[in-house]
Structures are given as structure tokens and as C-alpha cells.
Protein chains: 6
Amino acid sequence: MLHFFFLFSLLLTSTHVLAQDFCVADLEGVFTPSGYACKPESKVTSDDFVFSGLGAAGNTSNIIQAAVSPAFTAQYPAVNGLGISAARLDLAPGGVVPMHTHPGATELLYVVHGRITAGFVSSSNAVYVETLTRGDIMVFPQGLLHFQISASKRPSLAIVSFNSPLPGLQILDFALFANDLPSSLVEKTTFLDDAQVKKLKGVLGGTG
Amino acid sequence: MLHFFFLFSLLLTSTHVLAQDFCVADLEGVFTPSGYACKPESKVTSDDFVFSGLGAAGNTSNIIQAAVSPAFTAQYPAVNGLGISAARLDLAPGGVVPMHTHPGATELLYVVHGRITAGFVSSSNAVYVETLTRGDIMVFPQGLLHFQISASKRPSLAIVSFNSPLPGLQILDFALFANDLPSSLVEKTTFLDDAQVKKLKGVLGGTG
Amino acid sequence: MLHFFFLFSLLLTSTHVLAQDFCVADLEGVFTPSGYACKPESKVTSDDFVFSGLGAAGNTSNIIQAAVSPAFTAQYPAVNGLGISAARLDLAPGGVVPMHTHPGATELLYVVHGRITAGFVSSSNAVYVETLTRGDIMVFPQGLLHFQISASKRPSLAIVSFNSPLPGLQILDFALFANDLPSSLVEKTTFLDDAQVKKLKGVLGGTG
Amino acid sequence: MLHFFFLFSLLLTSTHVLAQDFCVADLEGVFTPSGYACKPESKVTSDDFVFSGLGAAGNTSNIIQAAVSPAFTAQYPAVNGLGISAARLDLAPGGVVPMHTHPGATELLYVVHGRITAGFVSSSNAVYVETLTRGDIMVFPQGLLHFQISASKRPSLAIVSFNSPLPGLQILDFALFANDLPSSLVEKTTFLDDAQVKKLKGVLGGTG
Amino acid sequence: MLHFFFLFSLLLTSTHVLAQDFCVADLEGVFTPSGYACKPESKVTSDDFVFSGLGAAGNTSNIIQAAVSPAFTAQYPAVNGLGISAARLDLAPGGVVPMHTHPGATELLYVVHGRITAGFVSSSNAVYVETLTRGDIMVFPQGLLHFQISASKRPSLAIVSFNSPLPGLQILDFALFANDLPSSLVEKTTFLDDAQVKKLKGVLGGTG
Amino acid sequence: MLHFFFLFSLLLTSTHVLAQDFCVADLEGVFTPSGYACKPESKVTSDDFVFSGLGAAGNTSNIIQAAVSPAFTAQYPAVNGLGISAARLDLAPGGVVPMHTHPGATELLYVVHGRITAGFVSSSNAVYVETLTRGDIMVFPQGLLHFQISASKRPSLAIVSFNSPLPGLQILDFALFANDLPSSLVEKTTFLDDAQVKKLKGVLGGTG
């Protein structure tokens, strides 16, 4: 029989070697350009690596009839420093994920069920639109305007993943109409009519 | 009425600005450390960004009762240079995705349906195992040994994404037993018994 | 007197060491995710590293009374692979650089002369607007919507730099109204009125 | 009239998503390999993104008749984590920015007014020197020795940008002669004469 | 004689410029995805940059007759943030560094003395094995299974370097047999026989 | 007995998955910012991964009594794209590796035998010098001026590694005196005396 007892001397040396396999975020800790400080490895459990928050449908009883449920660092601290994250996208019939960008990540969408028309516009102004069915995937390059809308009479579900734990999310209408960016500036920089801007500022709660 | 005609002068200047929004792979082209040469943008269509190959179940009528269908650069050239990719994982009841690593990417798994027991082992030798149900996600940090097995009496389906278009896939048993790595080297470096190595070399078609 | 003759033996060895100090783009060559293939070092001259195209004012006799002159890889091949580029921004009185993003880079603006009101909107929808005078700099984080407008009765000039040789440029109005993205999709995903969309499609030459 | 009230449910979800659009440095906070800890987003204002310190000419009443005014993280905390920074370069007639390197960034120089002779030496020992006039830009690849000298009878002004918030600055003469690096080591490793080394150590305040 | 006195005005400005030349780890400080917080530069001395722990042979009086002595961040804090580290590898005659991976780095091995048979297996299952003698170097790409064994009747010594300060180290046998990963899971995911698994779990102290 | 025959169906799928484990340089192929085009994997052999060129001492019968033998991409194509390389450093008694920088990499030095005094100067002008003996390692941060000199009456040998396959090498004296950079420019930008510059230009073969 082999005596591997001595092998442990190597093992012991190894355990002194701190590896950076993962860095589960300490959301109360320091936040840096590379992400959050790490929770001590001794406090990390299997549960940290699993997130069940995408299991339930988001509430689509709203005007856009859509819901986006993120699993970014704030919701799922295990992805801190790992360069990946996800979100769940629910679309009721007629649902719309409005025109938006992710400033910090490329997105890959997978249709779990239903039928979704999705598209993005490139820097050179070309339009890429496709209608996706169950099992299709589509990629949306980093930082480009894109959207998803229901193309089904039944609920649609998609799971999207990002190559960053903090992809960001800039929804065009919110950026233009739901804050205190003065209407005059919006109009000058978008060529939208005053009435249009004021109308959308009104419904979205923007001021100025 | 506004005359935006002159705006086009800006537009024209802009179209001379080559952006690198995406780089759909020319699989017949040059391969470099950053990926494949790009297909000319003029030949890129919406269809390039959609991949339907994950829509159909893989064939699980094999001994592991599992199938992995990749959407890496080779299958889905649009992800070239975009830092993301995906794969479909089908598990029949009793199915197993054997112990493996992805040398080049972190993996994020989403359970579409069924029930899957998954786990990984860290550099400091800790084990993180969980049983996942529909809608759960789990993250497997880059380069670490991990596995997935069916925990259901019905077929299970998961979609995994990676933060690289070329994550790589090193299946432990194939690396050890399905090539010409001499049995004596396998035995010395894994402490497996000669009979065990020869048996698995036999069934996996390895030599030496 | 020292005889450094033999030092040349070291020098000679060194010249066989290919360094990657720079990679002036061969714009006719292969394009990859990391940029263009490099022009042979033997053909690179001092002139390659200098670009004079930002010396002359762009033509602001257009409806936006503004002009953007880029020095990206296409205009200035020396920046290929070096992670930096620049552009010149001319604003006549009343001039506007419309709402836009750079999907691939952070921008730093320096006001050479004049007075410019500039701003950006963050992912969490906050607005950061400032009026800049000669010598001021302002930073616009990667991928976020931003704009610049003249705040002077005289011409204003700014030089912007980017931390990528290919920052991209997505002008909101062009992305929405100057291509064949169907009006119905624009309306559904932006909540703009049909009349507004059709009007801007009209002046910007969009179809659909 | 549209009721977008419900859209806010999506907005509210979104605001829980921490994005990493920017990370204004907390200069009193932790310093890590990726930069400083971030100031809380709630304390960030528009003013943080603007820096006026490059607006005034540096004092060139010194022996080199030149002044470099940096806008790196220490002066301009907004660039922390954003991969960009800037500096102002004033050259009186006869002014010289001595031979130096930036170990951590590529530099791009823009001549605001005046006339500047600038150059760098590559790893393969080639010399690239050019005389630049108003509006010219020149790029200096990361880590290479370079210099700028006045080529005008009037003051010259240049703005330089870097693709790092912490480019570093190693001035050759200071590195060799303005510290306690022993003269004997300087002489052995540079082949400069003892008298030359001692003379420059003397005027630059070096010891040893 | 030159009066360089005024040069100091430039110098003084420069010393206010914090560079990030290095970031010696404060091992008691915050740990982030980019590494440890930096020790204040004022407390950094020459000694921090030198590590003598690889000077003495590791103890090879163990069953594998091999010892690996790391100089990773934990042992050698100067490499924090610098993207490099090293280790010493001692092999007695018959010594074996068992099959393992480094999830976070490529390894380059240099044979100081002796004779070593080393190899790795690629993602596409190809085997690359070579016997190395004094002065040879061999590279092991990131994340792939590899091993080293003595090919000499005398002690062998190798120095390995990694392109990360935290390369990680996952030893196959420890990952499978030296923890509480249930035997049934090991067997299902590796196809090893129950007796084999139990035997190795026994000698390596694993449970389950 | 297990029938693993069907496992091959998975294997076959896998082999269609191109991984980017490595990218042995095709030195006759395209050169890009990320390195050389890859040699086809089918032509890669074990021999590609081994380099014996560091096994023999460099010729130190020169004025600096030192020799640097690189194993960069040009000599050792296997490191292309892998982020690592090495070099051998031979120092006769009295030998000197003159003041130099590596613009593209951090260096880690290991003393194989002998005694070496090594040092570097930081951006903030601090000097870090140490005398190293057998087995010591020392790290030289990217882009900073550094040197190594013999501190022994016998030959010394060091192996250095870099975290780039193309670290570059800029030797101060060659950059200043061994090319056609005009003496007047050298003098103005280094404050060296005319006689000193002319003398070194003379021995190093520089012109101008």
C-alpha cells in the first residue's frame, strides 16, 4: 500500500498559496475600479455561487409589459471579479425592452420560450434586426443601442449574459426624459420637438 | 421646418471612421492571439449575429447520457473578438458531464428545465457542490475542475455562457486516457493503479 | 579611451529581438480583433507618427454648425495597437455635437478656445452638465450618452482624446432616424410619436 | 395620453443595479493595483468631472524654460479607473522637456500654439524626430525615451493625453543624477565620465 | 557652469504625481479582484523587491520526492499588481510533480540542473512531452493539465515563472481525493472504479 | 464492463471546438498588435514548446563583459500570445548590463550562480539597489530604468523572465549615442556636455 502521508507536506505548502480563483464581493466593503473587496474565503460557501433570483418571472404588469431582473454584482456577489453576469428578461405579449445600451459589456441573449424581435444599430449606422424563436441566441456588441420586443401572443422569456459583472444599463428614454436634463438641452442635442420632449418628460417624471 | 440636409456632411465624415463594434470571424482567414481576421463589414448581415444551433437537443444516447453543443467561434463566428460565447447542455436522467476545465473562461450556467447537481473544486481544494433547479444560475471560476450531473428522472437542459469566444474544454478522462500519453506517465503523475489506467485507456481508445 | 567596439556584439543580438513598440497600421492588410496588421518596421518613418489633419477647422456651415474631425486608425494609422486616438471638434456659435456615445472608449475633452456646455448621463440616470472655458478638461466615461454645444458667440475649438484607436461613434439621431430601422420599431422602443419619428426620418433620409 | 407610470417599476429595479460607469478616486481611501477606492456615487457632482488646472500656463522661469502640469489621478480624481489622463506642456523659447519615459502609458501630444521639435527612440534604436506646428499631433509609444523642445521664438503650448490615469514620469537626468544612486554605479552602467556624473549630481542635488 | 536650481521646480511638481510603478502588497490590507491594497510607498524599501526563499532546496523527503516552493504574492508581496511570480521546483531522483493546472497563469520552466521529463495535454487532447536538460526552457499554456518528473539519478532543480502574481495551483489528486467530494460523485464524473477512489481517498485523507 | 464507446460522440463534437490554448508564431506570417499569426495546430509538435538556446553561455568577451540571450517570440515562437518570455544573462567578473528599460514588461530575475548587484529607479526617483546571491529573485517593474552588474570574481548567471512575449529592450547608451540623433538634441535634452556626447557617439558609432 502506498503511504501518501508525506504528500501532505506539499499540500500544506500549497494551502499557504493564496489563489485568486474567485472574489465573492463584500458589498459592504471597499469598491474599486476592479470591483468590490473580497469576502474572506473562509466565509464563502457553496450557496454564494448559486443565485435563484432569475427563477421567478418579473412583473410585466406595467406599461412596457416587460421586466428585466438582473444578476449583477449587487444581486449576485459571486460574479465580482469574474468577468461575467446575467439577467432574466420577461416579455408579455406586446412587451418591449426599450432602446438601451450596456456601456460596459457585450450581451448574449438566449430565448428560453416565446418569440422575440431584437436588433441593434452599429457605429456605422447599420441596422441588424432578427426575430428569434426558442433556442436561438443573438449577440449585441458592447455599447451599441439595441432593443427587444415580443413577437408572440404568449409570454416570452430570455436569459441574457454579459462579459462583465457590472455591465451597466442606460435606457434611452430614462437618460433623456426621466431626470433634470433641461428640455432645451434635450431638444438641441436630439432635434426632438419641444412638445415631444415635454410630453415624455411629463410621463417619465423628468423636470427642466 | 428644419433642414437637416447639412447634417449629412457630419455623417459622411463619420462613415469614414472605422469602428470596431464587432469582428465576425472569417474562419478561412488568419488566426492570431486575439482571434480570427474579420469578415468585411459589407458582407456582414443580421443572420451572422443569430445562431440557432442550440435550439435542438443534443444526442444523449451515449454512455454519459449527456451532450454538450458549443456556440464558440467555430460554430458562431459573430462572437470572435467579443469576449463571450455559449453552449447547450443536455442531460438525460443519469446523465453526466464529466470532470473538466475551461482553461480560458469563467462559465455561468442557467438551468432551463430539470434538476442538475453541479460543483467545482477550488485551488485551495475546497468543494462547492449544489443541486440546481429550474431558473437557478451557478458560476464556475476560470480554469477550475467542475462537473454537472442529472438530478432528475427527466431530461434536464442548461445553457452555459463563457466570457471568451474560445473558452477551451479539457475533459479530464480524455486528457488522461484517450491519447498516447504513456500509461506509466499517467500512473506516476496521478497515482492511479496500472489496472485502472489500462482499463480506461482501453475503453477510451488511448494507447501507450 | 574606452573601446566600446565590442559592445556592438550585444547590440547586434538586440536587433534580432523584435519589439512591439508600435504597430503602424497597414490599412490594406488584415483586420483582427486587436487591430490592423503592422506595416513593416523598415517602412515606418517619422512622418507616420505625425498627423496634421486636426490643424484645420472642420466645416461648420451645416445645420448643426459643428464639425468633428477624427484622428482614429483610418486617418492616423500610427495609433493602431497603441490604445489612444484623438479628434478635433469645431463649434460655431449655436453649434451642437448631438447626443452620442463612443461604445469603445472613454473621452477626454480639452477646450482650446471658446466656451462649451457639455454633459453626460450615467447608467443610474444622473446628469452631469458643465460649461467649460478655455483650458478646461472634462471626461466622458465609456459608452455613456453625452453632448457638447457652443456657449459662445464666437467659434469654439476643442480637442478630444480617446483611450482606444477605434473608439466608435454612435450618434443617437442617426442611429434612430437615418437608416432603415422601421418607424414602428423606433416608436415602440423609444415611445416617440409617429409624427416625430417620421419628421426626423424625413430630414435625415431614413426609410421604413 | 400614455401612462408611463408603470415604467418606473423597471426604473426602480434598474437603480438597484450598481453600474461602474466611473470611479472618482477617494484619494484618502485604499490604493490598489487597479487604482483608488471610489468616492460614493451620491457624493459625486458635475464638478468632479471638470478640471481647470490646465488652464493657466505653468511657470517656465526655470533653467529648462519649460513646465509640465499634470492632470493625473492625484490632481484630477475623476480619471481613476477610466484609463485616461492629460497634462499641459508650456515651453518658453529655448524651453526643453528633457529626455524621459512614461512607464505606464502611450502619450499623444497636440500643439495648441507655437512650434515644437519632438522625438522618440525605439527599442530597435531608431530615431523618430519631427518639428510640429499648431494643430499637429504626435504619438509616443509606451515606455520609450522621448523629448520635446521649443522650435519657436515665442511660447509654445501643447496638451498631452495618456491612456492611463497614472502614466508615471521618469526623467532621465533625475533618475541618474538627482538621488543617492552612487556615482560609481552611474558611471559603470552609463559609461559617462566621472567628471560628467559628478557635475550633474552637483547641480541636481544628487549624492553618492 | 549651469545652474539647474530651477529644474527643481519641475521636479517638485513631478513628485506630486503619484505613479503606479509598483504596489507592494499590504497582506493585512484589503483584497480585491486586482490584488491587495498597496503598502505606502514611503515604507517600501529595496528589501521588498528581493526574495531569498527560493535559494534553499525544498524538502523532497516525501512520497512524491518533490517540493514546490512558491514566490507568489503571499510569500513575495512585491509582485502584487505586477503580473509575474515564480516558484522553485526540487525533484529528487524518482520525484514527481503530479498532474496539475494553474487556473490563472501560463508557466515557463527553466532547468537549473538535472534532467526533467515534462508534459502537458491540450484542449484538443494532444500530448506534448519532452525531456529537458540543464538550460532548457519549456512553456505550459494557462489552465492545461501538466506534470514534471525526474529523469535523472541525481537531484534536479527548476525555476518556474508565471505571468500572474496569483497563478493558483490545482493538483488533480488533491482536487479529487483529498477533500469531502463524495466518492460517488468522483466516480460518476471520472469513471474511476470505486475501489480506486476509496484507496486514494484513504491515503490522501479525503472523506465521503 | 463499461462501454465508453459512445463517449466518443462527445469527443468528436469537442474536437470541432477550436480552443486557443496556444498560438505558436508563424514568423513568416502576419504581425498584429496581439502578436504573430498562429502556426496551424496540426504542425505544432512538442519541440515547439522547448527552447535550448539559453543553455549555453553568451559570449562575454566584450567591453561590458556581459551577454544577454533572449528567448522572445523571434527566438522562441511558442510564447507568442502566451504573455511570457525569458532571457539568459551572463556576467563575467566586472561585467555590466548597462542601464536599460523594457517598455513592454515587468522583469523577474533569478540568480543561478554568482553574485549580482542590481537596481532600478522609480518614477518618483527613488533608488532600489540590492546585491543578490545564488537563489535570490528580484523584480523590476515595467518601464523603469534598471541595471545589473557583477559583484563576483567569478562568472555569474541569471535567468530573467518577462510577462510579455515581446518585452522590448531599450539600452540607454544605445538610445542616446548609437544612432543619428543629433548631438545638439542629445545635449539639450540630457544636459550632458558636448565633449561627453561626442566621445560616446564616437565609440558607439553614432552620427550627428
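Not measured: the values here are computed from a predicted model.

Visitor: Describe the arrangement of the chains, naming the residues involved and giving the relevant values.
Guide: Considering only C-alpha positions, the minimal separation of the non-contacting chain C and chain E is 18 Å. Spatially, chain A is disjoint from chain F: no contact exists, and the shortest C-alpha separation is 18 Å.

Visitor: So what's going on with the sheet that holds strand E3 (residues 50-51) of chain D? Which residues, and what values?
Guide: Taken in spatial order, the six strands line up as E4(C)-E5(C)-E12(C)-E7(C)-E10(C)-E3(D) in an open sheet, and their pairing is antiparallel. The sheet is open, and its two edges are formed by strand E4 (66-71) of chain C together with E3 of chain D, each paired on a single side. Bridging between E4 of chain C and strand E5 (residues 85-91) of chain C involves six bridges; their strand directions are antiparallel. Counted as the bridge partner of Pro70 of chain C is Ala87 of chain C from E5 of chain C.

Visitor: Break down the pairing of strand E7 (residues 107-113) of chain B for me, with residues and values.
Guide: Residues and elements named next belong to chain B. The element E7 is largely enclosed, with a buried count of six among its seven residues. Across six bridges, E7 lies against strand E12 (residues 156-162) in antiparallel orientation. In the sheet register, His113 faces E12, and the bridge partner there is Leu157.

Visitor: I'd like a rundown of the relation of the copies chain F and chain D, residues and numbers included.
Guide: Turning chain F through 180° and shifting it by 0.0 Å along the axis lays it on chain D, with an RMSD of 0.0 Å. These values place the two chain copies in the arrangement generated by a two-fold rotation axis. Minimal C-alpha separation from the rotation axis in chain F is found for Gly143 of chain F, amounting to 2.6 Å. Interface overlap between copies: 100% of the residues of chain F at the interface are likewise at the interface in chain D, consistent with a symmetric, same-surface contact.

Visitor: I'd like a description of the interface of chain F and chain E, backed by residues and values.
Guide: Listed by partner, the interface residues are 55 residues for chain F and 54 residues for chain E. Taken over both partners, the interface formed by chain F and chain E buries close to 4200 Å², and the fraction arising from carbon and sulfur atoms is 66%. The interface formed by chain F and chain E includes zero salt bridges. One can count 21 residue pairs in polar contact (both at pLDDT 80 or more) joining chain F with chain E. When residues of the side of chain F that touches chain E are traced back to their parent elements, those giving at least two are helix H1 (7-15), strand E3 (50-51), strand E5 (85-91), strand E7 (107-113), strand E9 (127-133), strand E10 (137-140) and strand E12 (156-162) of chain F. The biggest single contributor to the side of chain F that touches chain E is E9 of chain F, with five residues. Across the side of chain F that touches chain E, the residue classes break down as 34 nonpolar, 14 polar and seven charged. Where strand E10 (residues 137-140) of chain E meets E3 of chain F, two bridges bridge the pair, whose relative direction is antiparallel. Bridge pairing links Ile137 of chain E to Phe51 of chain F in E3 of chain F.

Visitor: Go over the packing of aromatic side chains, please, and point to the residues and values.
Guide: Counted under the stated rule, the structure contains 60 aromatic pairs over all chains. With 5.5 Å between their ring centres and 25° between their planes, Phe51 of chain A and Tyr76 of chain A make a pair best called stacked. With Phe51 of chain A in strand E3 (residues 50-51) and Tyr76 of chain A in the loop between strand E4 (66-71) and strand E5 (85-91), this pair connects stretches of sequence that are 25 residues apart. Residue Phe51 of chain A is classed as buried on the basis of its relative accessible area of 16%. Centre to centre, the rings of Phe120 of chain E and Phe49 of chain F are 4.9 Å apart; their planes meet at 85°, and the pair counts as edge-to-face. Taken as a pair, Phe120 of chain E in strand E8 (residues 115-121) and Phe49 of chain F in the loop between strand E2 (35-36) and E3 lie in two separate chains rather than in one. Phe49 of chain F gets classed as buried once you look at its relative accessible area, which sits at 0%. Taken together, the ring pairs in this structure connect Phe22 and Phe49 of chain A together with Phe120, Tyr128 and Phe140 of chain B into an aromatic cluster.

Visitor: I'd like a description of the sheet that holds E7 of chain B, backed by residues and values.
Guide: Taken together, the six strands give an open sheet; going across it, the order is E3(A)-E10(B)-E7(B)-E12(B)-E5(B)-E4(B), and neighbouring strands pair in antiparallel fashion. Sheet topology places E3 of chain A together with strand E4 (66-71) of chain B at the edges, where each strand pairs with a single neighbour.

Visitor: Please set out the environment of Leu82 of chain A residue by residue, giving values where relevant.
Guide: Note that Leu82 of chain A resides in the loop between E4 and E5. We classify Leu82 of chain A as buried; its relative accessible area is 8%. Distance from Leu82 of chain A to Cys23 of chain A, taken between C-alpha atoms, is 7.6 Å for residues 59 residues apart in sequence. With near-sequence residues (within four places) excluded, Leu82 of chain A lies in contact with Asp21 and Phe22 of chain A together with Thr106, Val139, Pro141 and Asn163 of chain B.

Visitor: Can you lay out the relation of the copies chain F and chain E for me, pointing to particular residues and giving the numbers?
Guide: For the pair chain F and chain E, the relating rotation is 180°, the translation along its axis is 0.0 Å, and the fit reaches an RMSD of 0.0 Å. An overlap of 98% is found between the interface residues of chain F and their copies at the interface of chain E, pointing to a shared contact surface.

Visitor: Give me the lowdown on the domain arrangement of chain A, citing residues and values where you can.
Guide: According to the domain assignment, chain A consists of domain 1 (66-168) and domain 2 (174-204). Taking the mean C-alpha position of each, domain 1 of chain A and domain 2 of chain A sit 26 Å from one another.

Visitor: Account for the interface of chain F and chain D, with residues named and values stated.
Guide: Chain F puts 41 residues into the contact, and the matching count from chain D is 41 residues. Summed over both sides, the interface between chain F and chain D buries roughly 3600 Å², with carbon and sulfur atoms accounting for 62% of that surface. Among the residues of chain F in contact with chain D, Gln170, Thr189 and Phe191 of chain F are the three that bury the most area, contributing 16% of the side total. Linking chain F to chain D there are two salt bridges. The tally of links from chain F across to chain D stands at 18 residue pairs in polar contact (both at pLDDT 80 or more). Mapped by element, the contributors of at least two residues to the side of chain F that touches chain D are strand E6 (96-101), E9, strand E11 (146-150), helix H2 (172-177), helix H3 (183-190) and helix H4 (194-204) of chain F. In terms of residue count, H2 of chain F provides more of the side of chain F that touches chain D than any other element does, six residues in total. Taken together, the residues that form the side of chain F that touches chain D break down as 24 nonpolar, twelve polar and five charged.

About the thresholds
Residues numbered from 1 in each chain as written. Chains lettered and ligands numbered in written order. Predicted model: local features only at pLDDT ≥ 70, side-chain atom pairs only at ≥ 80, totals over all residues. Heavy atoms only, no water. Contact = heavy atoms within 4.5 Å. Pairing = 2+ DSSP bridges. Helix = DSSP H or I, 4+ residues; strand = E, 2+ residues; numbered from the N terminus. Buried < 20%, exposed > 50% of the residue type's maximum accessible area, 1.4 Å probe, protein only. Least-squares fit on C-alpha atoms with pLDDT ≥ 70 in both. Buried area = accessible area lost by both parts, 1.4 Å probe. Salt bridge = Lys/Arg side-chain N within 4 Å of Asp/Glu carboxyl O. Polar contact = N/O pair within 3.5 Å; in protein donor to acceptor, adjacent residues only side chain to side chain. Nonpolar A, V, L, I, M, F, W, Y, C, P; charged D, E, K, R; others polar. Phe/Tyr/Trp six-rings, centres within 6.5 Å; stacked < 30°, edge-to-face > 60°. Domains from an automatic or database assignment.

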